[in-house]
Amino acid sequence: MIEIDAVHPNRDALARAGRILRGGGLVAFPTETVYGLGADALSRAAVAGIFAAKGRPATNPIIVHVATTAEAIGLVASWPEPAEQLAHRFWPGPVSLVLPKRPEVPDLVTAGGTAVAVRCPAHAVALGLIEAAGGPVAAPSANRSTELSPTHAEHVLRGLDGRIDLLLDAGPTTGGLESSVIDLTVSPPRLLRPGLLSPHEIEAVIGPIAVGAQPADAPPEPARSPGLLERHYAPATPLECGVSTWSRVYELCRAGRRVGWLSLTPPLENLPGLFTIEMPDDAKQYSANLYAALHTLDAMRLDRIVVERPPDDEDWLAVHDRLRRAATRGEGIG
Ligand code: TXA
Ligand code: MG
């Protein structure tokens, strides 16, 4: 692990990381969303290393990170107007564009599909790393498959220590939730995974989009979307989400359970076994803190995490998506 400045990254450290990537190795690095686990996107063997380190199913494709729009255009078979508009408006930034791939992109990167997701991240370390690697970097979030995404270097170590070649530690990431993934191979464009950019922000640039997984009668290609993996972004501790959760928290604590409460209001009284993290009521600030809060509570090995459901507003779409996937079925007091 190397500590590296998030704004003015050390050139020698980037060069060392770039050499590892060019040699087919794995480097975990910060982006403005979460930490990624990078490999040379054009090397099938290097990308295979990502799947192995994460325990990721080969059916789940990986986003390719580029340093410039020109580099993205070099990876895709077409660059339609909405791609140009979104890249112009939001790159570097938290939106991944799904477009028909060129043959140079290994099939493993796209899980056998004909479309590749490309994204230019807004982080000096990520951009410097891609430049030092001399080409595009394939990178999923740097966690074991289905577990919580990492927003701090120590979260990366918790899941991947001993499985990767290098970790660039630039401190906590600022965005805290993953990029929005939008499929531009269909009309209208479809938001496959809600993320840091809200549908509203995207529609303001390219007009109406469809939101959510593809309808069941759609052709299978390119249906390998994040929506297929229902349980994902999940802490090890059983998690439940609801409204007016204070009474639930009260019941669990009175029954002797140790409970982590992700609340939007202060606790009404101090209860034995209760650990409260009061969350911001602004969606972007909530997003920035969500994974870190869940990692903190998860590390305490509590009996239960209870999350107070945030408002049902479109700005909260990505937060609701992650909480739904993190939640455990089967409630009861156990
Ligand atoms: O913010 C982010 O997107 C972070 C940072 C590291 O860039 N990356 C990230 O990657 O979250 P990952 O692999 O954890 O999630 C990417 C999601 C996956 O659920 C995958 O199914 C979807 O994007 N995806 C990737 N390539 C795709 C493709 N060609 N077609 C459809 N969906 C794709
Ligand atoms: Mg992930």
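None of these values were measured; they are calculated from a predicted model.

Calculation notes
Residues numbered from 1 in each chain as written. Chains lettered and ligands numbered in written order. Predicted model: local features only at pLDDT ≥ 70, side-chain atom pairs only at ≥ 80, totals over all residues. Heavy atoms only, no water. Axes fitted to C-alpha atoms, helices over the stretch in contact; angles between N-to-C directions. Helix = DSSP H or I, 4+ residues; strand = E, 2+ residues; numbered from the N terminus. Parallel < 35°, antiparallel > 145°, perpendicular 65-115°, else oblique. Left-handed = near helix turned anticlockwise from the far one by under 90°. Contact = heavy atoms within 4.5 Å. Nonpolar A, V, L, I, M, F, W, Y, C, P; charged D, E, K, R; others polar. Core = buried A, V, L, I, M, F, W, Y, C linked by side-chain atoms within 4.5 Å. Buried < 20%, exposed > 50% of the residue type's maximum accessible area, 1.4 Å probe, protein only. 1 Å grid on protein atoms, 1.4 Å probe; cavity = no way out; pocket = protein on both sides within 12 Å on 5 of 7 lines; lining within 4 Å. Points joined across faces, edges and corners; volume = space filled by probe spheres on them. Near = heavy atom within 4 Å. Polar contact = N/O pair within 3.5 Å; in protein donor to acceptor, adjacent residues only side chain to side chain. Areas by Shrake-Rupley, 256 points an atom, 1.4 Å probe, with all protein chains shown as cover.

**Student:** What is the right way to read the packing of helix H1 (residues 11-22) against helix H5 (residues 124-133) from this model?
**Tutor:** A pair of packed helices is captured by two measures, namely the crossing angle of their axes and the spacing between those axes. Taken N-terminus to C-terminus, the directions of H1 and H5 make an angle of 55°; their axes are 8 Å apart at the nearest point. One finds that H1 runs oblique with respect to H5. Seen from above, H1 lies across H5 with right-handed handedness. Here Leu14, Ala15, Ala17, Gly18, Leu21 and Arg22 of H1 come into contact with H5, specifically with Val125, Gly128, Leu129, Ala132 and Ala133. For the contact of H1 with H5, the class distribution of residues is 8 nonpolar, 2 polar and 1 charged.

**Student:** How should the nonpolar core be read in this particular structure?
**Tutor:** As a rule of thumb, nonpolar side chains are buried together in soluble globular proteins. The biggest cluster of nonpolar side chains holds 67 residues, and the ones touching the most others in it are Leu37, Trp79, Trp91, Leu97, Val118, Leu168 and Ile182. By residue number, the principal contributor to this core is H5, which donates 7 residues. Setting aside anything within four residues of it in sequence, one finds Leu168 in contact with Ile2, Ile4, Leu14, Ala17, Val27, Ala28, Phe29, Pro30, Tyr35, Val125 and Leu129. Counting 23 residues, the second largest nonpolar core, distinct from the first, contains Leu148, Tyr286, Tyr291 and Leu297.

**Student:** Is there a simple way to explain the layout of surface pockets in this structure?
**Tutor:** Sizing a probe to match a water molecule and rolling it over the atoms shows the empty space that remains. In this structure, the largest pocket spans a volume of roughly 340 Å³. Lining the largest pocket are 16 residues, and of these Glu147, Arg158, Ala236, His295 and Asp298 sit closest to its centre. Secondary structure elements with two or more residues in the lining of the largest pocket: helix H6 (153-160) and helix H9 (283-299). The element that contributes the greatest number of residues to the lining of the largest pocket is H6, accounting for 4 residues. A per-class count over the lining of the largest pocket returns 7 nonpolar, 4 polar and 5 charged.

**Student:** Explanation requested: the site of ligand 1 in the structure shown.
**Tutor:** If you check the shell around ligand 1, you find 24 residues, and the closest are Thr33, Arg56, Asn60, His65 and Ser179. Separating an oxygen atom of ligand 1 from a side-chain N or O atom of Thr33 is a distance of 2.6 Å. Contacts to ligand 1 include His65, whose side-chain N or O atom sits 2.6 Å from an oxygen atom. Surface burial for ligand 1 is 98%, taken as the share of its 670 Å² of free accessible area covered by protein chains. Of all the elements in the fold, those that place two or more residues in the shell around ligand 1 are strand S6 (115-119) and strand S10 (190-193). Considering each element in turn, the shell around ligand 1 owes the most residues, 4 residues, to S6. For the shell around ligand 1, a count of residues per class yields 13 nonpolar, 6 polar and 5 charged.

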